[in-house]
Amino acid sequence: MKKSDKTNHLIDISFKSAAIKDPLKMDDTVAANYRGYVILDPDKDFVLKDETGKILENSCPTHAITFQNDGSNLKIHLDNGKCILCGNCQVKSPELIKITNKFNLAKKRRDDLIETFSMSVPFGKTYDELGQELKSKINKIFGRSLTIREIDAGSCNGCEIEINALNNSVYDIERFGITFVASPRHADILLVTGPASKNMERALKIAYDSTPNPKIVIAVGACACSGGIFGNNYATTGGIDNIVPVNVYIPGCPPRPQALLYGILMAINKI
Amino acid sequence: MSHKEIIRKYYSKLGKFDSDIKKIENNNELHLVLNDPNKLHDFCKFLKQDFDLRLLTIICCDERKLNHGFKIRHVFGSDADDFFLFVTIFIDESHPHFPSLYDVFPSSILYEREINDMFGLIAKGNPNIKPLILHDFPNNVFPLRKDFNLNDDVKRNLKQFEFTPITGEGVCEIPVGPIHAGIIEPGHFRFSVLGETIINLETRLGYTHKGIEKLAESMSINDVVFLSERISGDESIANSVAFCQAIEKIAKLTISQKAKQIRLLFAELERIYNHFGTLGGILADVGFPYGASRLNILKEQIMQLNERLSGSRILFGVNQIGGVKISITDEMLIDIHFVLDDAFQIFEKIFDHLKSNPSVMDRLRNTGIIEKQLARDRGLVGISSRCIGIETDARQTHPYGYYPSINLKQKTLRETMEHQVELQKRIGDVLSRFMSRVDDLRQSKAIIDSITTLKDDGLSMSMNDELIPYSSGLGYAESHRGETLHWVMIGEDNSIFRYKIRTASFSNWPVIEHAVLNNIVADFPVINKSFDFSYSGNDL
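Residues numbered from 1 in each chain as written. Chains lettered and ligands numbered in written order. Predicted model: local features only at pLDDT ≥ 70, side-chain atom pairs only at ≥ 80, totals over all residues. Heavy atoms only, no water.

**Q** Would you mind showing me how to read the overall build of chain A here?
**A** When you go through chain A residue by residue, the secondary structure sums to nine helices and ten strands. Burial status across chain A gives 44% buried among its 271 residues. By sequence separation, contacts in chain A at least 24 residues apart represent 77% of the contacts at least 6 residues apart. As displayed, chain A has an accessible area near 14800 Å², and 54% of this comes from carbon and sulfur atoms. (Helix = DSSP H or I, 4+ residues; strand = E, 2+ residues; numbered from the N terminus. Buried < 20%, exposed > 50% of the residue type's maximum accessible area, 1.4 Å probe, protein only. Contact = heavy atoms within 4.5 Å. Areas by Shrake-Rupley, 256 points an atom, 1.4 Å probe, with all protein chains shown as cover.)

**Q** Please clarify how the environment of N69(A) should be interpreted in this entry.
**A** All names here are of chain A. Relative to the helices and strands, N69 is located in strand β2 (residues 65–69). Along the backbone, N69 and L191 are 122 residues apart, and their C-alpha atoms lie at a distance of 35 Å. With near-sequence residues (within four places) excluded, N69 lies in contact with D50 and L74.

**Q** Could you clarify how one ought to interpret the pairing of strand β3 (residues 73–79) of chain A in this entry?
**A** Each regular strand carries side chains that alternate between the two faces of the sheet. Residue and element names in this part refer to chain A. Here β3 lies mainly inside the structure; five of its seven residues are buried. Across seven bridges, β3 lies against strand β5 (residues 114–120) in antiparallel orientation. Along β5, the bridge assignment pairs I76 with F117. (Pairing = 2+ DSSP bridges.)

**Q** Got a minute to help me understand the packing of helix α16 (residues 430–450) of chain B against helix α19 (residues 524–531) of chain B in this structure?
**A** How two helices sit against one another is set out by the angle between their axes and by the gap between those axes. Residue and element names in this part refer to chain B. Packing of α16 against α19 leaves a shortest axis separation of 9 Å and a crossing angle of 30 degrees. Considering the relative orientation of α16 and α19, their crossing is left-handed. Judged by residue contacts, V430, R433 and R437 of α16 engage V526, I527, S530 and F531 from α19. For the contact of α16 with α19, a count of residues per class yields four nonpolar, one polar and two charged. (Axes fitted to C-alpha atoms, helices over the stretch in contact; angles between N-to-C directions. Left-handed = near helix turned anticlockwise from the far one by under 90°. Nonpolar A, V, L, I, M, F, W, Y, C, P; charged D, E, K, R; others polar.)

**Q** I keep staring at the interface of chain B and chain A and nothing clicks. Help me out?
**A** The interface is formed by 56 residues belonging to chain B together with 42 residues belonging to chain A. Per-residue buried area on chain B facing chain A is highest for I179(B), I183(B) and K210(B); these three make up 22% of the total on that side. For the interface between chain B and chain A, the tally reads three salt bridges. Of the charged contacts, one joins E162(A) and R313(B) as a salt bridge, the two residues approaching to 2.6 Å between their closest N and O atoms. Taken together, the connections running from chain B to chain A amount to 23 residue pairs in polar contact (both at pLDDT 80 or more). Contributions of two or more residues to the side of chain B that touches chain A are made by α5 (212–216), α6 (221–229) and α9 (289–310) of chain B. A total of eight residues in the side of chain B that touches chain A trace back to one element, the largest contributor, which is α9(B). (Buried area = accessible area lost by both parts, 1.4 Å probe. Salt bridge = Lys/Arg side-chain N within 4 Å of Asp/Glu carboxyl O. Polar contact = N/O pair within 3.5 Å; in protein donor to acceptor, adjacent residues only side chain to side chain.)

In structure tokens, the structure reads:
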């Protein structure tokens, strides 16, 4: 210990005695605002929109940024090989583009210089837009109302609450030409909930057989899709599709009215 | 009075049966074990006459591995004290019979039928042992026995259910269900009518039986909370609170004040959105869509509030054992008060409108009347009993959670008198149930209003180490339908040995058969809606 203390002391003295600091050591640090490595680092609640993508694409003088929109996915490609570190893009969209002072840019392959950020399109349609789309489709296909018969095959009544909500004045599904009818004989669509309890198996089959062709069966809720938390036991059958053929599955526990409407729209698109 | 004092008070009166019984105390539960099952009948008669207890439920449990027999616990409750009395008898497998209590407590018929279905034990003397829950099930298979496997594929044989034949000149039968015309749960109603008038109704339920009690035995305790939420979707808070409280009682866990407050807030929100929905449903069934629409908008507003608070429109995923998962911040509390103030202002306007609308009041008044004696005999709870002036409310008789800390504004003498007069008008018809729900709504609002500051002592406690095997506890809560009881017995390795659920729907369902008598068929929907029972909560 004592020996090492002594040596340290000696070194200290030698530094103090040095007149000029090592010039290389002084310049070792990189300034914080140095424009070095451009990365795509979105903020927590950043949403990539069509317009932002286009603005970014146009902001780049060397076309290092390209924007793609294929309907379901929005993609931003950033080619660091083309980037001249002008910083234009960061000014346009500071939520997505971050310019760091890092310099570890080198890559072994050319393709690795291209960074990609993709975002699936957030489901932007409102309940109303969905409904209007549905309405025009129903008009085209049926020329009249679409009729739905709801069948509870053992649900906990959570899904029923949401299906009932479709009929309240807030969601008011009837304005889109959809009616809930009292008998399967009048129905185009069967909306089935519940894990299909064994006690309801026979009734469900009879209701399915009484529905005129062509008919669509929609399984509503996690229980109807798979048996849900109840699974497949002595009293349940583990999903509607074990009893009748299912065309569309709407998961959720329970699915909210918007989700139900989207499922019905999907079922119509299947025709 | 503390629980110990209450128990001593009751126990001291049991002098003449002293030699026959063994006493075990557990919190507010007193367990009495009768040595001789044949003495059960006399003992229960004594309980009814001297203690004025009511039968809450009968719990059967297959304890053949532990005690070489089945244990049947008759649970009694008092309207006056926070006290539960368990009277236990042993049934040997070789003699699968036990005495029926149908002539002392008529409500026992239902529980005995259930035990007959699920355990194959026959209640001697019970006049009605038709299958209750299981349809087309073989006679020798009993799902809740321990030797039955949850996933056993039971071969069902289509059997004709025997409805009581009602015959006579001009008597017609109308079968309704299991799939109903509206968007509601399945159940079968067999009406016998003379002209328009219903002279008999027999219900056959069990269509939504999902094996919940058996399923719980295969799940971990924490997962069963999710299962309990799905006993009946609209009672998710009440059921999960009852289950969590049963486990917390067994674990001797005291949850934080904040968790209690949050449970209470969500429980009352649940009550409010469901009552709005039911009142709307009643109005829709009497052909007054204006009122129905307005009330359903209020229901939707509360459901959207639920979503903002908990992430679920029907409040799934709030509770966990030892507390809650969802926190309520001060801003959220302001949101709750704001939405409720707004909703109730509108509600009172709609209510005034309804009261002055003769076409509505006329349909509600004198429709679907039940008698007081019937309500007592059948052990009705919740709105169904309050509509005839019997005040049963688990929040008051068995205060749980944060309810004991709630200080509602004291009523003035005048208000108390007015309330008494109002109660005298309750004759057990649809209007009385309508008014009881309105009362309940206002009370819920007052309870939520009384919470202005939130405590700050954590959301959840973790359950320390293992629970004692074969210890049991009764959890209870007041759902918007009434008193909900969950009895849990813990098995080895923190598993569930037996989970018995008695929702308010189960004890109340049979009353519908009486309420519709002498009414016209067209009034059945509104009578049914005024009770608003859960099919799923009944069938489990």
